[in-house]
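Each chain is listed here by its residues.
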Amino acid sequence: VPHAIGGSASLRALHRGAVAVLDANWTGASTVPSRGLYPHQWSWDSAFVAIGLRHVSPRRAQTELETLLKAQWGDGRIPHIVFNPSVPLDAYFPSPDFWRSSTAGRAAGAPRTVQTSGIVQPPVHALAAWLVHRADPGLSRARGFLARVYPRLAAWHRYLVHRRDLGGGGLASVVHPWEQGMDNSPSWDAPLARITPAPARSFRRADLDHGAAEDRPTDLDYGRYVRLAAEYRDAGYADTGRTRAGRAHTDHVGRTSHTGRADGFAVEDPAFNALLIASEHALAHIADELGATGAARHARAERLTAALVERLWDPAEGMFFCRDLNGGGLVPERGVSGLVPLLLPGLPHEIAAALVRTLRGPHFGLGSTTRLVPSYDLLGEAFDPHRYWRGPAWFNTSWLLERGLALHGEHAGAQALRRAVLDLAGSSDFAEYVDPYTGEACGTTGFSWTAALTLDLVH
Ligand code: 2M8
């Protein structure tokens with residue numbers, strides 16, 4: 001256990017508190033992000049949870065990932081939510097009767113026995129599986145953990161690289177803001193503006209039973225989320241014909257096409273792709289460990305890194321941006337997503353250095369005006385220190401950037417960020433997110449990934 005952070009007694013208390021949160025949110029086979037607001041299993045939450053749990057129970061960390069992977073679809077996608085059948089339908093919206101995975105997702109190979117959503121989340125899983133293995137290789141080998149998860153993780157990456165390369169430039173696209181995980185980021189405002197919202201009376205927001213309205217997305221945002229998800233569902237969760245170019249192609253080969261209007265949502269996001277790349281490197285390590293060779297996977301990860309730089313890097317701004325495939329071009333909003341590629345080992349040195357400068361500069365203020373990395377540009381017109389992914393600081397993104405800083409030799413910066421994560425996780429009662437200036441807790445408390453990533457940084 002490291003020193004500092006107010007001494008080892010408070011570190012021990014922090015450790016105990018984090019373990020208590022994860023115990024309270026454990027359902028027997030997986031962990032809910034939060035009992036009230038998010039009472040099911042979420043995909044990238046579970047990956048972060050496993051990364052923390054491996055320090056206290058490698059067995060439970062393995063189970064967390066295995067439970068998620070059991071809900072994988074035949075086409076390789078890992079659904080963003082796996083529903084707990086014992087939770088009442090009205091406890092979370094959208095519920096299984098909205099997604100109708102086992103019927104609407106049949107052609108895409110949705111499982112029959114478990115209900116899931118039909119969209120995905122960032123691919124942190126192979127990275128998590130590798131870190132979980134390394135925490136207790138003996139247990140992992142005895143249980144055949146990697147041998148069992150490897151084919152599923154490989155199918156997941158195959159799905160993203162082949163079925164989701166909607167822009168044709170080698171990167172994976174997201175087709176819904178919930179897929180990228182930063183639901184109401186200002187980066188989505190322009191691509192979402194084209195979407196006609198579903199009428200407010202057609203759904204009921206269960207999230208407002210648990211979270212303050214001013215900390216959450218707006219009703220207008222939700223109308224658009226619902227419209228996009230319903231359209232994807234009604235198209236059988238198929239990934240063809242979702243961009244202008246894709247639709248023209250679909251028309252040409254004579255299949256039933258949509259109208260040819262660019263009314264969908266298809267975005268290449270820097271964090272989503274950076275996590276795919278980090279996970280592809282992890283998959284290479286897993287292949288090596290299993291006696292195969294990871295070389296082809298490392299090479300693929302390098303190709304993806306080159307595509308990321310080619311398509312999303314802006315040298316003048318010193319950060320990555322989202323590419324809107326239907327609106328054409330980079331979205332000029334500075335989101336924390338554009339800094340996350342710092343965690344990549346294969347990043348050119350000058351890009352890593354520029355990202356560190358941007359992180360410390362006026363837009364993110366790390367080490368000067370902010371305590372943790374804000375989710376969005378402090379100077380941006382849409383900045384709001386309390387509203388979800390439009391400004392507040394989240395613990396998972398700071399954890400990712402702490403790794404990135406350490407990887408690129410910024411040890412003092414990494415250490416300061418680590419200390420800030422631990423301080424604020426403790427003082428906010430493991431909040432979902434915090435005001436980036438004051439550290440005041442927002443959203444729900446007792447939030448699983450905050451507790452799990454705290455554990456990871458305590459160890
Ligand atoms: C938030 O997203 C869900 C929809 O997936 C919601 O708002 O209901 C996001 O913060 C997402 O990144 C996270 O995985 C999820 C559960 O913690 O909550």
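Heads up: the structure comes first, above all this text.
Small disclaimer: the values here were computed from a predicted structure and weren't measured. (Residues numbered from 1 in each chain as written. Predicted model: local features only at pLDDT ≥ 70, side-chain atom pairs only at ≥ 80, totals over all residues. Heavy atoms only, no water.)

Q: Give a detailed account of the sheet that holds strand S7 (residues 323-324), specifying residues and quantitative values.
A: Each strand in a sheet pairs with another by means of backbone hydrogen bonds, the pair being arranged parallel or else antiparallel. Sheet architecture is open: 3 strands sit in the order S3-S4-S7, paired in antiparallel fashion. Both edges of this open sheet fall to strand S3 (173-174) and S7, since each of them pairs with a single strand only. Pairing of S3 with strand S4 (residues 267-268) involves 2 bridges; the strand directions are antiparallel. Within the sheet, the bridge partner assigned to Val 174 lies in S4 and is Val 267. (Pairing = 2+ DSSP bridges. Helix = DSSP H or I, 4+ residues; strand = E, 2+ residues; numbered from the N terminus.)

Q: Explain the site of the ligand to me, using residue names and the numbers behind them.
A: Around the ligand, the surrounding shell holds 17 residues, and the nearest of these are Asp 45, Tyr 92, Gly 181, Asp 183 and Tyr 388. Separating an oxygen atom of the ligand from a side-chain N or O atom of Gln 121 is a distance of 3.0 Å. In the environment of the ligand, an oxygen atom lies 3.1 Å from a nitrogen or oxygen atom belonging to the side chain of Trp 389. Out of a free accessible area of 410 Å², the ligand has 100% covered by protein chains. The residue makeup of the shell around the ligand, split by class, is 11 nonpolar, 3 polar and 3 charged. (Near = heavy atom within 4 Å. Polar contact = N/O pair within 3.5 Å; in protein donor to acceptor, adjacent residues only side chain to side chain. Areas by Shrake-Rupley, 256 points an atom, 1.4 Å probe, with all protein chains shown as cover. Nonpolar A, V, L, I, M, F, W, Y, C, P; charged D, E, K, R; others polar.)

Q: Which residues make up the environment of Val 161, and what values go with them?
A: Note that Val 161 resides in helix H8 (residues 145-163). The sequence separation of Val 161 and Asp 423 amounts to 262 residues, and the corresponding C-alpha distance is 38 Å. Val 161 has contacts with Leu 276 and Arg 300, leaving out every residue within four places of it along the chain. (Contact = heavy atoms within 4.5 Å.)

Q: Which residues make up the packing of helix H2 (residues 43-53) against helix H6 (residues 125-135), and what values do they have?
A: The geometry of H2 relative to H6 is characterised by a closest axis approach of 9 Å and an angle of 20° between their N-to-C directions. If you check the angle between H2 and H6, you find them roughly parallel. Crossing hand, H2 versus H6: left-handed. Along the contact surface, H2 presents Ser 43, Trp 44, Ala 47, Ala 50 and Ile 51, while H6 presents His 125, Ala 128, Leu 131 and Val 132. For the contact of H2 with H6, a count of residues per class yields 7 nonpolar, 2 polar and no charged. (Axes fitted to C-alpha atoms, helices over the stretch in contact; angles between N-to-C directions. Parallel < 35°, antiparallel > 145°, perpendicular 65-115°, else oblique. Left-handed = near helix turned anticlockwise from the far one by under 90°.)

Q: I'd like a rundown of unusual backbone geometry, residues and numbers included.
A: With an omega of 0°, the peptide bond running from Phe 93 to Pro 94 counts as cis. Relative to the elements of secondary structure, Pro 94 occurs in the loop between strand S2 (81-82) and helix H4 (96-99). Phi at Phe 430 is positive, roughly 55°, even though this residue is not glycine. Its location among the elements puts Phe 430 in the loop between helix H17 (411-427) and strand S9 (433-434). Overall, the relative accessible area of 6% leaves Phe 430 in the buried class. (Buried < 20%, exposed > 50% of the residue type's maximum accessible area, 1.4 Å probe, protein only.)

Q: Any chance you could break down the packing of H2 against helix H18 (residues 448-458) for me, citing the residues and the numbers?
A: Put simply, H2 and H18 touch, their axes get as near as 7 Å, and they point 30° apart. Between H2 and H18, the interaxial angle falls into the category roughly parallel. Our pair here, H2 against H18, has a crossing hand that is left-handed. Contacts between H2 and H18 involve Trp 44, Asp 45, Phe 48, Val 49, Ile 51 and Gly 52 on the former and, on the latter, Ser 448, Trp 449, Ala 452, Leu 453, Leu 455 and Asp 456. When the residues that make up the contact of H2 with H18 are grouped by side-chain class, the tally is 8 nonpolar, 2 polar and 2 charged.

Q: Now, about the packing of aromatic side chains: what can you tell me, with residues and values included?
A: Considering all chains together, one arrives at 25 aromatic pairs under this definition. Arranged with centres 5.4 Å apart and planes meeting at 75°, the rings of Tyr 38 and Trp 42 form a pair that is edge-to-face. Of the two residues examined, Tyr 38 and Trp 42, each falls in the buried class. Taken together through their ring pairs, the aromatic side chains of Tyr 38, Trp 42, Trp 44, Phe 48, Tyr 92, Tyr 388, Trp 389, Trp 394, Trp 399, Tyr 433, Phe 447 and Trp 449 make up a single cluster. Geometry around Trp 26 places Arg 60 over its ring, the cationic atom sitting 4.7 Å from the centre. The ring of Phe 98 carries Arg 233 above its face, with NZ or CZ at 4.9 Å from the centroid. (Phe/Tyr/Trp six-rings, centres within 6.5 Å; stacked < 30°, edge-to-face > 60°. Lys NZ or Arg CZ within 6 Å of the ring centre and 35° of its normal.)

Q: So what's going on with the side chain of Glu 402? Residues and values would help.
A: Structurally, the position occupied by Glu 402 is in helix H16 (residues 395-407). Nearest to the buried, unbridged Glu 402 among oppositely charged side chains is Arg 418, at 5.5 Å. Excluding residues that lie within four positions of it along the chain, Glu 402 makes contacts with Ala 414, Leu 417, Arg 418 and Leu 457. (Lys, Arg positive; Asp, Glu negative; His and termini not counted. Salt bridge = Lys/Arg side-chain N within 4 Å of Asp/Glu carboxyl O.)

Q: Go over the sheet that holds S9 with me, naming the residues and quoting the values.
A: Here 3 strands make up an open sheet; going across it, the order is S8-S9-S10 and the pairing antiparallel. Only two strands of the sheet have a single partner each, and these edge strands are strand S8 (393-394) and strand S10 (441-442). Relative to S9, S8 is paired through 2 bridges, and the arrangement is antiparallel. When the sheet's bridge partners are listed, Trp 394 is paired in S9 with Tyr 433.

Q: I'd like a rundown of H2, residues and numbers included.
A: Burial analysis of H2 places 11 of its 11 residues in the buried class, which makes it a mostly covered element. The set of residues buried in H2 consists of Ser 43, Trp 44, Asp 45, Ser 46, Ala 47, Phe 48, Val 49, Ala 50, Ile 51, Gly 52 and Leu 53.

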